[in-house]
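Coordinate analysis (summary)
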Amino acid sequence: MTDHDQQPSASVPPRLLIDRTPNGESSTAQRLAMNRTGSFEWNVEAGTLDMDDAGLLVFGLDPQTFDSRLETLLGRLEPSERTRLDMAIDEAIKTGRSSYSVHFLVPTADGRDQWTHIQARILRSDDGRVQRVIGVVQDATAEVTHSAFVLDLEKRRQRQTSIVERTTSALSHAVTVDDVTAALTGPGALARLGADGLSLGLVENTTLSVALSGDSLEAIDALGDAGLDRRFPLADTVLSGRPRFLTSVSALVERYPVLAPCADRLRFRAAAYLPLVAQARSLGTLALFYRDNTSFNADERNLCLGLAAIVAQSLQRAKLFDEEREFATGLQSAMLPRRIQEIEGGEIAVRYHAAWSGRQVGGDWYDVIALPKNRFGIVVGDVQGHDTHAAAIMGQLRIALRAYAGEGHPPSTVLARASRFLAELDTDRFATCTYAQVDLASGTLRVVRAGHFGPLIRHMDGRVGSPHVRGGLPLGISTDFEDEEFPETRLDLVPGETLVLYTDGLVEEPGADIDTGVQALITEVGAGPASAQALADHLSDRLWERWGSGDDVALLVLRRSPDPGSPRAPRLHQYIHQADPEGLSDARTIVRQALTDWDMAELADDAELVTGELLVNVLLHTEGGAVLTLEVLPEPVRRVRLSVQDRSSAWPRRRSPGETATSGRGLLLLDAVAVRWGIEPRGEGKAVWCEIGPSLPPPDAPPSSTSRV
């Protein structure tokens, strides 16, 4: 049994504790009485309460008139306090405990409440019945008050610590000055700071830019953006560099009379104006407003000054970042083309987005290069690294590639020479890029790659293709490995189609596979608007910001102008890739739907049949895709003209297939279905065309000069 559970001897009555010692010194009981502590014995079986004089004084009872009844003592208590005491005693008795302790309030003669503490032992008989309760009673007002003060002090300190920790945590994520402002004025900011309102004034040259948060503050025009005028508290705090703690609106108006017209609209009672200073540089003022405060004690002032120091350090760091970022983006922009020339027959849009990484400049670039014969070159590339060295190499490489392209070299030679140039710079960096030589008059693209993403093409029907473009090693590495082969791939961009070139920053999602980002790009290209400029903005908004802008992005969008024909003679174009298994079926569907839309559905069966026949010949007997053109000839002959162009110079030959032959009937079918058909040379290849419609021209129409071949 612990000391706490040991019972005092039943043979020692409490009254003996008040006797003096033989030498006349004060006994323990007298010393306890001096501390307003007394003793008692409650005989439960007899129902009597024996309490010494000191104990009776604790309860405010007269020792001469006390009748030794428990009810007399309990009558001194309020019902709620009596219930508190009864519950403590009953719980101890019923649970078999040997002691109990309880605090309760006793009213005093002067109307105050006195905290009283009883600590008692329960004495039981052998069979467990309660016989007596003995213990001490004490005036615990001083103890409890001191404890409450300590608890309140600790609570305030915990609150101050929480304010500092939450504010520091919020500002630790702020990178730019705008981020710092948002952390101080955004949702939950006032709760973090423990204030009811906030005004943040930032020095910008000779003006003060102000951000407000909290009720009533936005209604005060005098606290808006203004110059550094000492008549206003924010500016005065900046210029003086001294904090000001104002404990009433009247004190604020007395010091700054210019605010008098606004006084009746203010809903706070106290304000702390705190200068924001870091490394002897004045950055602005932080003003905190409170509804309940009427004074600022030493701890509260220290808290406000500590918050100002935290904000000032965050602002200094953010300003440095903004300055470095401005330097980095300025350097990058100076090395990119200032403008992109307009092109005939199409539209080009370019976008460059710098990563949010301070001085860590990227090496991404784009360019559009004018070439002879109304052609032009387009390139998008990326130099390894994210620093000023990468940007410097990018600038040199861009100029070199532009020079080689301008000399008239084919695309493969342009990249081979650019790779050699990069290797001769004696740097450990490499670069990737995709370069294309474009002729919009014919829609021909000659594309080469050096370790870079291939292009995407959005067709007129909204599908997005990723054509296979053969590629070589990255620039620089290819020369080091003596492998400067950059094979060309020819693509056909029909009117209305769009080409997209991009760097990896547009498709790299942190923690995800690169294929996921590419698929997201394909989806957005297909869903985006038709215009090149609008599509470039759409991709930037949906992807660059989505991935978190952790890397630079260079983007180039080229759209060949659509050729819809006139309302009475509409026209469409469609490119069918040789490797696209659904291309033939899609082309037949497009032809049928177009003729239905043009109110010529009666010709859809024949046109769909001829479309399939001509495309099959190209896809089976040539090494590339085909361009399908469907148009309505103008009046007076309302016919459908269908043309299939390919890159093969070999012309189809008329054959006489046997009954069991599985091919060779294509030209025979054209004879049977078409009114006229023919073959024409077209650039590097040919076009097979036919007309479907009325078999005879109107009587007044001139005779046709094109014979059936």
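Residues numbered from 1 in each chain as written. Predicted model: local features only at pLDDT ≥ 70, side-chain atom pairs only at ≥ 80, totals over all residues. Heavy atoms only, no water.

**Comments concerning the overall build of the protein**
- Of the regular secondary structure elements, the protein holds 18 helices and 27 strands.
- Burial statistics for the protein: of 709 residues in total, 48% are counted as buried.
- For the protein, contacts bridging at least 24 residues in sequence account for 62% of all contacts bridging at least 6.
- In the form shown here, the protein has an accessible surface area of approximately 35100 Å², with 50% of it arising from carbon and sulfur atoms. (Helix = DSSP H or I, 4+ residues; strand = E, 2+ residues; numbered from the N terminus. Buried < 20%, exposed > 50% of the residue type's maximum accessible area, 1.4 Å probe, protein only. Contact = heavy atoms within 4.5 Å. Areas by Shrake-Rupley, 256 points an atom, 1.4 Å probe, with all protein chains shown as cover.)

**With respect to the sheet that holds strand β23 (residues 571-576)**
- Taken in spatial order, the 5 strands line up as β23-β24-β25-β27-β26 in an open sheet, and their pairing is antiparallel. Strands at the two margins of the open sheet, each flanked by one partner only, are β23 and β26 (676-682). Direction aside, neighbouring strands of the sheet carry axes that sit 15 degrees apart on average.
- Here helix α16 (residues 583-597) sits on the sheet in contact with β23, β24 (626-632) and β25 (640-646), set at roughly 175 degrees to β23.
- Sitting on the sheet, helix α17 (residues 604-621) touches β23, β24, β25 and β27 (685-692), and the angle it makes with β25 is about 10 degrees. (Pairing = 2+ DSSP bridges. Axes fitted to C-alpha atoms, helices over the stretch in contact; angles between N-to-C directions.)

**Let's talk about the packing of aromatic side chains**
- All told, the structure shown has 6 aromatic pairs when counted by the stated rule.
- Relative to Phe296, the ring of Tyr290 has its centre 5.9 Å away and its plane inclined at 70 degrees; by these criteria the two rings are edge-to-face.
- For Phe296, a relative accessible area of 8% puts it in the buried group.
- One aromatic cluster is present, built from ring pairs that chain together Phe245, Tyr290 and Phe296.
- Positioned over the ring face of Trp689 is Arg641, at 4.2 Å from the centre of the ring. (Phe/Tyr/Trp six-rings, centres within 6.5 Å; stacked < 30°, edge-to-face > 60°. Lys NZ or Arg CZ within 6 Å of the ring centre and 35° of its normal.)

**So, the sheet that holds strand β21 (residues 498-502)**
- On the basis of which strands lie adjacent, the open sheet formed by 5 strands has the order β12-β22-β21-β17-β18 and antiparallel pairing. Both edges of this open sheet fall to β12 (346-353) and β18 (464-465), since each of them pairs with a single strand only.
- In the sheet, strand β17 (residues 456-458) pairs with β21 via 3 bridges, with the strands oriented antiparallel. Looking across to β21, one finds that Ile457 is bridged to Leu499.
- The sheet contacts of helix α14 (residues 514-527) involve β17, β18 and β21, and relative to β17 the element is tilted by about 25 degrees.

**As for the packing of α14 against helix α15 (residues 532-544)**
- The interhelical angle for the contact between α14 and α15, taken along N-to-C directions, is 140 degrees, at an axis separation of 10 Å. Between α14 and α15, the interaxial angle falls into the category oblique. In the packing of α14 onto α15, the handedness of the crossing is right-handed. For the pair α14 and α15, the contacting residues are Ala520, Leu521, Glu524 and Val525 in the first and Leu535, His538, Leu539, Arg542 and Leu543 in the second.
- Looking at the contact of α14 with α15 residue by residue, the classes come out as 6 nonpolar, 1 polar and 2 charged. (Parallel < 35°, antiparallel > 145°, perpendicular 65-115°, else oblique. Left-handed = near helix turned anticlockwise from the far one by under 90°. Nonpolar A, V, L, I, M, F, W, Y, C, P; charged D, E, K, R; others polar.)

**Regarding α14**
- With 14 residues, α14 ought to run about 20 Å at 1.5 Å a step, and its terminal C-alpha atoms sit 20 Å apart, in line with that.
- For α14, every residue scored as buried is listed here: Gly517, Val518, Ala520, Leu521, Ile522, Glu524 and Val525.
- As for α14, its buried residues are in contact with β17, β18, β21 and α15. (Expected span 1.5 Å × (residues − 1).)

**Here's the deal with the pattern of salt bridges**
- Taken as a whole and judged by the stated rule, the model has 33 salt bridges.
- Close ionic contact of Arg291 with Asp196 constitutes a salt bridge, the shortest N to O distance being 3.7 Å. A residue pair is termed long-range when its members are at least 10 positions apart, and Arg291 in the loop between β11 (281-290) and α10 (298-334) and Asp196 in the loop between α7 (189-193) and β6 (197-204) qualify at 95 residues.
- On the basis of relative accessibility, which here comes to 28%, the residue Asp196 falls in the partly exposed class.
- In this structure, Arg639 engages Glu691 in a salt bridge whose closest nitrogen and oxygen atoms are separated by 3.2 Å. Taken together, the residues span a long stretch of sequence, with Arg639 in the loop between β24 and β25 and Glu691 in strand β27 at a distance of 52 residues. (Salt bridge = Lys/Arg side-chain N within 4 Å of Asp/Glu carboxyl O.)

**Things to note about the packing of helix α11 (residues 388-406) against helix α12 (residues 411-424)**
- For the pair α11 and α12, the least separation of the axes is 9 Å and the interaxial angle reads 145 degrees. The handedness of the crossing between α11 and α12 comes out as right-handed. Of the residues in α12, those in contact with Ile393, Gln396, Leu397, Ala400, Leu401, Tyr404 and Ala405 of α11 are Val414, Leu415, Arg417, Ala418, Phe421 and Leu422.
- Partitioned by chemical class, the residues of the contact of α11 with α12 number 11 nonpolar, 1 polar and 1 charged.

**Focus: the nonpolar core**
- Formed by 50 residues in total, the largest nonpolar core has its most connected members in Ile378, Tyr435, Leu475 and Leu558.
- For this core, the element with the most residues is α11, which contributes 8 residues.
- Once residues lying within four places of it in the same chain are set aside, the contact partners of Leu475 are Leu397, Leu415, Ala418, Ser419, Leu422, Phe430, Ala431, Cys433, Ala450 and Phe486.
- Judged by nonpolar contacts, the second largest core, of 33 residues, contains Leu190, Ala270, Ala278 and Tyr290. (Core = buried A, V, L, I, M, F, W, Y, C linked by side-chain atoms within 4.5 Å.)

**Here we look at the pairing of β11**
- Counting buried residues along β11, 8 of its 10 residues qualify, which places the element largely inside the surrounding structure.
- Relative to β11, β6 is paired through 6 bridges, and the arrangement is antiparallel. Bridging across to β11, Leu198 finds its partner in Leu288.
- Inspection of the sheet shows strand β10 (residues 270-278) paired to β11 by 9 bridges, in the antiparallel sense. By the bridge assignment for β11, Val277 is matched with Ser282.
- Two successive antiparallel strands, β10 and β11, enclose a turn made up of 2 residues, where Gln279 displays a positive phi of approximately 50 degrees.

**Concerning the pairing of β10**
- Counting buried residues along β10, 8 of its 9 residues qualify, which places the element largely inside the surrounding structure.
- Relative to β10, strand β9 (residues 244-246) runs antiparallel, the two being bridged by 3 bridges. Counterpart to Leu246 in the pairing with β10 is Ala271.

**Considering the confidence of the model for the protein**
- For the protein, mean pLDDT is 82; residues scoring 70 or higher make up 85% of the total.
- Per-residue pLDDT, averaged within each element of the protein, yields its smallest value for helix α1 (residues 28-34) (54) and its largest for β21 (96).
- This stretch, residues 1-21, has a pLDDT under 50; its non-local contacts, to residues over four places away or in other chains, come to 32 contacts.
- Low pLDDT, under 50, characterises residues 701-709; the predicted model gives this stretch 12 contacts beyond four residues in sequence or across chains. (pLDDT = per-residue confidence, 0-100.)

**Some details on α16**
- Taking 1.5 Å as the rise per residue, α16 with 15 residues should run 21 Å; its terminal C-alpha atoms sit 21 Å apart, in good agreement.
- Within the sequence span of α16, burial applies to Gly583, Ala587, Val591, Ala594 and Leu595. One face of α16 carries all of its buried residues, which in axial projection span an arc of 105 degrees.
- Looking one or two residues beyond α16, the residue adopting positive phi is Asp599, at roughly 60 degrees. (Arc of directions from axis to C-beta.)

**Section: the environment of Phe245**
- Relative to the helices and strands, Phe245 resides in strand β9.
- Residue classification places Phe245 among the buried residues on the basis of a relative accessible area of 15%.
- It is 9.7 Å that separates the C-alpha atoms of Phe245 and Cys304, two residues lying 59 residues apart in sequence.
- Dropping the residues within four chain positions of it, Phe245 is found in contact with Ala271, Ala272, Leu274, Phe296, Arg301, Cys304 and Leu305.

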